[in-house]
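Reading the structure
Chain by chain, the residues run as shown.
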Amino acid sequence: MQSPFDLHGRVALVTGGGRGLGLEIAKGLAACGAHVLINGRHPDALERAVADVKALGHTAEPLAFDITDESSVGLAFLRVEAHLDILVNNVGVRDRRELFEFKMDDVRRLLAADLVAPFDLSRRAARIMARNGWGRIVNITSIAGPIARAGDAVYTAAKGGLEAMTRALAADLGASGITVNAVAPGYFATEANAAMAGDPAIADWLKKRTSLGRWGEPAEIAGAVVFLASPAASYITGQVIAVDGGYLAHF
């Protein structure tokens, strides 16, 4: 009997897959049989990420481009025009500062990466997927989508918009056989969060603030994305799964 999570024969593109959660997502998809295109802006980092995936016995290749540069995106999509089944919009740019410290150029830069680029990539991918009548788009949002804290206004607005975009694209693309869902990570001990993850005060706060009482390990993000990309989730669209150790459920 075929596994409901089998992705053999599928091609997946993971943006920002060179490290952190993106790399773990790429590894998870590859472990279930997908051929993974790992995106990022730095070719050297992508080569290392691809080598990590291949060392596990899976297949992957680098696809370097800047998701905010339409020309670069267009050239990259010429390479996947024939076959793309799964898109994971994983790139997220954050800039924590006080509300009135933001210049409008800062706001536009963050929205370009966190909201406009996923919209562009999703439409491009959907055109390819629709020809085959099957596709999966998974947006990596954040628990900062449904809730907010001071000093993070633009990122929160962008991730809330990405959640809404997930629902909107699900409504538009369902008739083409394409599902669109999102995964909202909580606190993960990634390279980017290394300083915070090493802070005993934050660890103590998470013990009280999350149901599971700890940081998430990067590899723990992959399961939700694999599920949403797989045949097991064939009747799920327009939904957001929080992978947050119970942060949103716990008070």
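That block above? That's the structure.
A short tour of the structure in this document, coming up. (Residues numbered from 1 in each chain as written. Predicted model: local features only at pLDDT ≥ 70, side-chain atom pairs only at ≥ 80, totals over all residues. Heavy atoms only, no water.)

Overview of the environment of Met129
Relative to the assigned elements, Met129 resides in helix α4 (residues 104-132). Residue class for Met129 comes out buried when judged on its relative accessible area of 0%. C-alpha separation for the pair Met129 and Arg48, spaced 81 residues apart in sequence, amounts to 29 Å. The residues contacting Met129, other than those within four sequence positions of it, are Leu84, Asp85, Ile86, Leu87, Trp134, Gly135, Arg136, Ile137 and Ile178. (Helix = DSSP H or I, 4+ residues; strand = E, 2+ residues; numbered from the N terminus. Buried < 20%, exposed > 50% of the residue type's maximum accessible area, 1.4 Å probe, protein only. Contact = heavy atoms within 4.5 Å.)

With respect to the side chain of Asn89
Residue placement: Asn89 occurs in strand β4 (residues 86-89). A distance of 3.1 Å separates polar atoms of two side chains, one belonging to Asn89 and the other to Ser122. Among residues more than four places away in sequence, those in contact with Asn89 are Thr15, Pro118, Leu121, Ser122, Ile137, Val138, Asn139 and Ile140. (Polar contact = N/O pair within 3.5 Å; in protein donor to acceptor, adjacent residues only side chain to side chain.)

As for helix α3 (residues 70-80)
The α-helix winds at 3.6 residues per turn, so residues separated by three or four positions along the chain end up facing the same way. Of all the positions in α3, only Val73, Ala76, Phe77 and Val80 are classed as buried. Looking down the long axis of α3, one finds its buried residues gathered within 100 degrees of arc, a one-sided arrangement. Among the exposed residues of α3, those oriented more than 90 degrees off its buried face are Ser71, Leu75, Leu78 and Arg79. Buried residues along α3 sit against β1 (11-14), β2 (35-40), β3 (60-64) and α4. Sitting at the amino-terminal end of α3 is Asp69, which places a side-chain oxygen 3.0 Å from the backbone nitrogen of Ser71. (Arc of directions from axis to C-beta.)

Re the pairing of β2
Counting buried residues in β2 gives five out of six residues, a clear majority hidden from the surface. Pairing analysis gives four bridges linking β1 to β2, with the strands arranged parallel. Counted as the bridge partner of Ala12 is Val36 from β2. Running through helix α1 (residues 20-31), the crossover from β1 to the neighbouring parallel element β2 is right-handed. As paired elements, β2 and β3 share five bridges and run parallel to each other. For Gly40, the partnering residue across the bridge sits in β3 and is Ala64. (Pairing = 2+ DSSP bridges. Right-handed = clockwise from strand over helix to strand, strands pointing away.)

Considering the pattern of salt bridges
Scanning the model with the defined rule gives 13 salt bridges in all. Note that Asp152 and Arg94 form a salt bridge whose closest N and O atoms lie 2.4 Å from each other. In this pair, Asp152 is assigned in the loop between β5 (135-140) and α5 (153-173) and Arg94 in the loop between β4 and α4, connecting sequence segments 58 residues apart. The exposure class assigned to Arg94 is partly exposed, which follows from its relative accessible area of 36%. Between Arg97 and Asp106 there is a salt bridge, and its shortest N-O distance comes to 3.2 Å. Taking the relative accessible area as the measure of exposure, Asp106 reaches 14% and is therefore buried. Through salt bridges with shared partners, one network takes in Asp95, Arg97, Asp106 and Arg109. (Salt bridge = Lys/Arg side-chain N within 4 Å of Asp/Glu carboxyl O.)

Side note on the sheet that holds β1
Strand order in the open sheet made by the seven strands is β3-β2-β1-β4-β5-β6-β7, with parallel pairing throughout. Either end of the sheet is taken by a strand with one partner, and the two such strands are β3 and β7 (240-243). Strand-to-strand twist across the sheet, computed as the mean angle between neighbouring axes with direction ignored, equals 20 degrees. Along the sheet face, α5 touches β5, β6 (178-185) and β7 and points at about 160 degrees away from the line of β6. (Axes fitted to C-alpha atoms, helices over the stretch in contact; angles between N-to-C directions.)

Such coordinate-based values are descriptive only and should not be taken to indicate function.
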